[in-house]
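Single-letter residue listing:
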2 protein chains.
Amino acid sequence: MAGSESVANGVSNGDLLAASADNFGGVTVHLEEQLDPQVFHAKLRASVSAWRQQGKRGVWLKLPIELVNLLENAVKEGFYYHHAESTYIMLVYWIPDTPSTIPANASHRVGVGGIVLNDKREILVVQESTGDFRGTGAWKIPTGAVDEGEDIFTAAKREVKEETGIDTEFKEILAFRQSHKVFFGKSDLFFICMLRPVSFDIQKQESEIEAAQWMPIEEFAAQPFARKHGLFKYIAELGLAKADKDYAGFSPIPMSMVFKNQISHLYANVKDLQHSSSSTDRL
Amino acid sequence: MAGSESVANGVSNGDLLAASADNFGGVTVHLEEQLDPQVFHAKLRASVSAWRQQGKRGVWLKLPIELVNLLENAVKEGFYYHHAESTYIMLVYWIPDTPSTIPANASHRVGVGGIVLNDKREILVVQESTGDFRGTGAWKIPTGAVDEGEDIFTAAKREVKEETGIDTEFKEILAFRQSHKVFFGKSDLFFICMLRPVSFDIQKQESEIEAAQWMPIEEFAAQPFARKHGLFKYIAELGLAKADKDYAGFSPIPMSMVFKNQISHLYANVKDLQHSSSSTDRL
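Residues numbered from 1 in each chain as written. Chains lettered and ligands numbered in written order. Predicted model: local features only at pLDDT ≥ 70, side-chain atom pairs only at ≥ 80, totals over all residues. Heavy atoms only, no water.

**Some details on the overall build of chain A**
Right, on to step 1. Counting secondary structure elements, chain A contains seven helices and 13 strands.
Right, on to step 2. In terms of principal-axis extent, the alpha carbons of chain A reach across some 80 × 55 × 30 Å.
Right, on to step 3. Considering chain A as a whole, with its 283 residues, one finds that 55% of them fall into the buried category.
Right, on to step 4. In chain A, the share of contacts with a sequence separation of at least 24, taken over all contacts with a separation of at least 6, comes to 61%. (Helix = DSSP H or I, 4+ residues; strand = E, 2+ residues; numbered from the N terminus. Buried < 20%, exposed > 50% of the residue type's maximum accessible area, 1.4 Å probe, protein only. Contact = heavy atoms within 4.5 Å.)

Written out as structure tokens, the structure reads:
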């Protein structure tokens with residue numbers, strides 16, 4: 001902690017911002033309390049000078065939105081934006097003369113689509129009342145964004161339930177699409193999930209869904225819109241390959257993480273992994 | 001464009017900020033020119049009032065970092081942060097009384113790891129000189145972040161090349177892991193890729209790689225660190241399942257996008273999809 005170090009370079013501890021060290025040779029300042037902008041400016045300048053002497057590399061400065069009045073002086077000192085969430089902005093400053101190795105901001109939005117097929121080979125589809133599909137007449141599978149901190153299998157069940165009222169069981173990820181420059185320049189990963197319905201009466205969402213229905217999958221695939229659009233075609237193809245044939249997608253396997261006391265999920269072709277387990281028994 | 005509308009509500013066009021409409025009933029203001037903060041404040045207030053009368057919903061305000069001096073007044077008017085990149089911050093304001101449907105910021109970082117096996121069943125491994133693995137003695141596969149706008153298969157080849165100097169050919173995604181709260185609260189997707197080496201002389205990266213070598217895969221899996229750590233175990237298992245058995249991962253299929261003149265990639269179990277193509281010929 002910079003705050004715990006002795007007077008150096010004519011600057012007393014009281015003139016420095018408290019900071020914690022990270023594993024990459026950097027420091028993080030997390031301001032919580034209001035400061036006079038001029039006082040903040042002087043402390044920030046003295047702190048950067050002290051960190052430079054200590055050989056520190058990246059400086060992270062987290063400012064809650066309530067401290068927006070301090071931002072201008074941080075930018076004047078050479079800090080730039082790293083990322084922001086509704087309640088705060090994170091700024092960074094790279095001290096060494098070498099190129100910055102500060103990691104990039106979150107790079108991808110993640111979405112899910114749910115293929116829900118009933119025993120009559122009907123697929124659960126919706127028409128959207130906002131967005132790009134509005135007014136196209138296209139029937140599409142329920143889709144939506146995976147929230148920060150949400151598992152893909154949870155998001156798929158949640159979106160199907162929200163848009164159509166149908167309860168489902170998660171089966172597999174059949175495929176996913178990566179595309180670019182989709183949302184403010186960010187890339188996008190869209191996971192196509194297979195779900196088994198466990199309820200059947202549709203209750204469509206009022207706000208963003210125009211209509212919802214069970215539709216024969218052949219009819220879904222034959223829509224003029226779908227015939228032109230690769231993704232629709234693959235969705236029908238993947239759904240049928242899973243329903244009728246032996247298509248193997250990726251299923252979640254819970255797994256503990258190494259540096260944190262937390263469960264993550266590995267998605268893999270579990271069927272093939274089991275077939276091949278003889279080759280790994282000796283490991 | 002708000003700027004092209006006639007005088008309404010006692011506010012002349014010159015008092016409003018120019019804005020463009022979006023497909024979701026919202027408007028976007030993209031300020032480029034310096035404005036006096038007081039003048040900006042008055043215009044922003046008058047503009048929000050005009051948009052409210054027009055029934056607009058979300059307001060997006062993009063401020064380049066050079067206009068940091070305007071931020072405080074935007075926050076005073078009730079705008080909050082949506083996201084930021086090094087050169088700008090995006091603020092939002094939700095006009096209606098109904099709950100906001102403003103889409104979330106990018107939610108995931110995306111990483112890749114490359115399993116590179118040579119004909120002697122040796123796996124290409126590195127020791128890192130920074131980060132969590134520093135000083136653990138663990139030999140791991142080359143890993144790194146997928147950049148915004150970068151394809152997963154490109155990122156996998158690039159990271160292996162950067163860290164070890166080895167040229168490769170991309171084969172398949174064998175599995176991926178989703179984990180949470182990994183980086184400033186963001187979630188993380190880590191894709192485990194199989195690559196075939198086409199060069200064999202290691203030239204390790206100086207800045208972040210301590211050592212690199214070809215290691216018998218059994219030795220890799222037997223590391224004390226790896227035996228405790230689920231992901232290492234699965235990496236060895238998946239690599240062997242792919243090398244020795246018929247494990248099918250996901251391969252990229254280029255695909256045109258519907259609303260943009262752009263190529264994206266679908267990653268799917270191509271082997272099983274081909275087996276099942278008879279079922280979809282009639283579509």
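**What about the nonpolar core?**
Right, on to step 1. In terms of nonpolar packing, the biggest core is built from 109 residues, with Ile173 and Phe191 of chain A together with Ile173 and Phe191 of chain B touching the most fellow members.
Right, on to step 2. Residues in contact with isoleucine 173 of chain A, not counting those within four places in the same chain, are Ile152, Phe191, Ile192, Cys193, Gly249, Phe250 and Tyr267 of chain A together with Phe176 and Phe250 of chain B.
Right, on to step 3. Grouped together as the second largest cluster of nonpolar side chains are 52 residues, Ile65 and Tyr93 of chain A together with Leu31 and Val59 of chain B included. (Core = buried A, V, L, I, M, F, W, Y, C linked by side-chain atoms within 4.5 Å.)

**Digging into the relation of the copies chain B and chain A**
Right, on to step 1. Expressed as a screw transformation, the operator carrying chain B onto chain A has a rotation angle of 180° and an axial translation of 0.0 Å, and the superposed copies differ by an RMSD of 0.1 Å. This pairing of chains is accounted for by a two-fold axis.
Right, on to step 2. Counting the interface residues of chain B, we find that 100% of their copies in chain A are interface residues as well, pointing to one common contact surface. (Least-squares fit on C-alpha atoms with pLDDT ≥ 70 in both.)

**A closer look at the side chain of glutamate 163 of chain B**
Residue and element names in this part refer to chain B.
Right, on to step 1. For glutamate 163, the position within the fold is in helix H3 (residues 152–164).
Right, on to step 2. An unpaired buried charge is present at glutamate 163: no salt bridge exists, and lysine 140, the closest side chain of opposite charge, is 5.4 Å distant.
Right, on to step 3. Those residues within four positions of glutamate 163 in sequence are excluded, and the remaining contacts are Val126, Pro142, Thr143, Gln203, Lys204, Gln205 and Ile209. (Lys, Arg positive; Asp, Glu negative; His and termini not counted. Salt bridge = Lys/Arg side-chain N within 4 Å of Asp/Glu carboxyl O.)

**Digging into the interface of chain B and chain A**
Right, on to step 1. Each partner contributes to the interface: chain B provides 102 residues, whereas chain A provides 102 residues.
Right, on to step 2. Summed over both partners, the interface of chain B with chain A buries about 8,800 Å², with 65% contributed by carbon and sulfur atoms.
Right, on to step 3. Per-residue buried area on chain B facing chain A is highest for Tyr81, Phe176 and Phe184 of chain B; these three make up 8% of the total on that side.
Right, on to step 4. At the boundary of chain B with chain A, the tally comes to four salt bridges.
Right, on to step 5. When the shortest N-O distance is used, the salt bridge between lysine 186 of chain B and glutamate 148 of chain A registers 2.9 Å.
Right, on to step 6. Top element by residues in the side of chain B that touches chain A is strand S9 (residues 168–183) of chain B. It accounts for 11 residues.
Right, on to step 7. Split by residue class, the side of chain B that touches chain A holds 51 nonpolar, 28 polar and 23 charged.
Right, on to step 8. With four bridges joining them, strand S13 (residues 263–268) of chain A and S9 of chain B adopt antiparallel strand pairing. Its bridge partner being in S9 of chain B, tyrosine 267 of chain A is matched across the sheet by phenylalanine 176 of chain B. (Buried area = accessible area lost by both parts, 1.4 Å probe. Nonpolar A, V, L, I, M, F, W, Y, C, P; charged D, E, K, R; others polar. Pairing = 2+ DSSP bridges.)

**Thoughts on the packing of aromatic side chains**
Right, on to step 1. By the definition in use, this model includes 18 aromatic pairs over all chains.
Right, on to step 2. Centre to centre, the rings of phenylalanine 200 of chain A and tryptophan 214 of chain A are 6.2 Å apart; their planes meet at 35°, and the pair counts as tilted. Taken together, the residues span a long stretch of sequence, with phenylalanine 200 of chain A in the loop between strand S10 (186–197) and strand S11 (209–216) and tryptophan 214 of chain A in strand S11 at a distance of 14 residues.
Right, on to step 3. Judged by centre distance (5.8 Å) and plane angle (25°), the rings of phenylalanine 220 of chain B and phenylalanine 232 of chain B are stacked. Within this pair, whereas phenylalanine 220 of chain B is found in helix H4 (residues 217–222), its partner phenylalanine 232 of chain B is found in helix H6 (residues 230–244), the two being separated by 12 residues in sequence. Accessibility classification places phenylalanine 220 of chain B together with phenylalanine 232 of chain B in one group, the buried group.
Right, on to step 4. Taken together, Phe176, Phe191, Phe250 and Tyr267 of chain A together with Phe176, Phe191, Phe250 and Tyr267 of chain B form an aromatic cluster joined through their ring pairs.
Right, on to step 5. For the cation-ring pair, lysine 62 of chain A lies above tyrosine 88 of chain A, with the distance from its terminal atom to the ring centre recorded as 4.3 Å. (Phe/Tyr/Trp six-rings, centres within 6.5 Å; stacked < 30°, edge-to-face > 60°. Lys NZ or Arg CZ within 6 Å of the ring centre and 35° of its normal.)

**Looking at H3 of chain B**
Residue and element names in this part refer to chain B.
Right, on to step 1. Here H3 is 13 residues long and its end C-alpha atoms lie 18 Å apart, about the 18 Å a rise of 1.5 Å per residue gives.
Right, on to step 2. Within H3 the residues assigned to the buried category are Ile152, Phe153, Ala155, Ala156, Glu159, Val160, Glu163 and Thr164. Looking straight down H3, one finds that the buried residues subtend no more than 165° of arc, so they occupy a single side.
Right, on to step 3. Phi turns positive, to about 80°, at glycine 165, one or two residues after H3. (Expected span 1.5 Å × (residues − 1). Arc of directions from axis to C-beta.)

**Focus on the confidence of the model for chain A**
If pLDDT is low for a region, its predicted coordinates should not be looked at in detail.
Residues and elements named next belong to chain A.
Right, on to step 1. Per-residue pLDDT for chain A averages 88, and the proportion of residues at 70 or more is 92%.
Right, on to step 2. At the low end of the mean pLDDT range in chain A sits helix H5 (residues 224–228), at 77; at the high end sits helix H3 (residues 152–164), at 97.
Right, on to step 3. Low confidence marks residues 278–283, where pLDDT is under 50. Its contacts with residues over four positions away, or in another chain, come to 14 contacts.
Right, on to step 4. Scored by ipTM, the complex comes to 0.84, with pTM at 0.84. (pLDDT = per-residue confidence, 0-100.)

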